[in-house]
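# Architecture and fold: a report
Residues per chain are reported as follows:
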Amino acid sequence: MRIGVLAVQGAFAEHIAMLQKLDAEPFEIRQKRDLEQPFDGLILPGGESTTMGKLLRELGLLEDLRMRIAQGLPVLGTCAGLILLAEKIANDAHTYFGTLPVTVQRNSYGRQLGSFSKTADIKGIGPFPLVFIRAPSIEAMGVGVEVLAEIDGKAAGVRYGNQIGVAFHPELTGNAAVHQLFLQRIEDSKI
Ligand SMILES: NC(=O)CC[C@H](N)C(=O)O
């Protein structure tokens, strides 16, 4: 299964390592040319959403990828990747793909306390260590958005059709269950 990992900035190498462990076929998306071969899924990593958004625009990737997501390309966005997907960003004038009907608040977890990890249940997986690094919170959700994980009574992971967005960093845990779930969903949607 060919999975494109946005590799213009941020923690893309860790996602690639996870995918390799699961025998998927990851490749880096750095420029438009990288989108020429067909692929089955997309991962938007953690990092700095403002920088990634700016580079996506400058490299001419934003519209192309937005269209693919809107047309059903399975996508997993982690942390900054969730911000890129969000329809609204409460404390930012910009939006990027805007395909996921949620409102997020940037830098909501971990500003004063630093990064932290908390184990919580993920739907379809069970207990999983959620690692937060200056993570966004999900403040509001539109109709049809399914909550996959909660922390302190707030959604920390959601799914909407072909899109999964999580505020935490599954790629930094050594636990491949979230990536496995993503690959499984792609597999299932092919049937
Ligand atoms: N670890 C992360 O991806 C942090 C996200 C970052 N604070 C942002 O707003 O873009």
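For clarity, every value in this text was computed on a predicted model and none was experimentally measured.

Analysis parameters
- Residues numbered from 1 in each chain as written.
- Predicted model: local features only at pLDDT ≥ 70, side-chain atom pairs only at ≥ 80, totals over all residues.
- Heavy atoms only, no water.
- Helix = DSSP H or I, 4+ residues; strand = E, 2+ residues; numbered from the N terminus.
- Polar contact = N/O pair within 3.5 Å; in protein donor to acceptor, adjacent residues only side chain to side chain.
- Contact = heavy atoms within 4.5 Å.
- Core = buried A, V, L, I, M, F, W, Y, C linked by side-chain atoms within 4.5 Å.
- Buried < 20%, exposed > 50% of the residue type's maximum accessible area, 1.4 Å probe, protein only.
- Near = heavy atom within 4 Å.
- Nonpolar A, V, L, I, M, F, W, Y, C, P; charged D, E, K, R; others polar.
- Pairing = 2+ DSSP bridges.

Within the element layout of this structure, arginine 106 appears in strand S6 (residues 100-109). Here aspartate 92 takes part through its side chain, which lies 3.1 Å from a polar atom of the side chain of arginine 106. Ignoring any residue separated from it by four or fewer positions in sequence, one finds arginine 106 in contact with Glu48, Ser49, Thr50, Ile83, Ile89, Asn91, Asp92 and Pro136.

Moving on: the nonpolar core. Leu6, Phe97, Val102, Phe132 and Phe168 are the most contacted members of the largest nonpolar core, which totals 62 residues. When neighbours within four sequence positions are excluded, phenylalanine 97 is seen to be in contact with Leu44, Leu56, Leu62, Leu65, Arg66, Ile69, Leu84 and Leu85.

Moving on, we get to the site of the ligand. The environment of the ligand is formed by Gly46, Gly47, Glu48, Ser49, Cys79, Ala80, Ile83, Arg106, Asn107, Ile133, Arg134 and His169. Within the backbone of alanine 80, a nitrogen or oxygen atom sits 3.1 Å from an oxygen atom of the ligand. At 3.0 Å from a nitrogen atom of the ligand is found a main-chain nitrogen or oxygen belonging to isoleucine 133. Looking at side-chain class alone, the shell around the ligand contains 4 nonpolar, 5 polar and 3 charged residues.

The pairing of strand S7 (residues 116-122) with strand S8 (residues 126-132) spans 7 bridges and is antiparallel. What sits directly across from threonine 119, in S8, is proline 129. In sequence, S7 turns back onto S8 through a hairpin of 3 residues, with glycine 124 there showing a positive phi of about 85°.

This is a description of form; function is not addressed.
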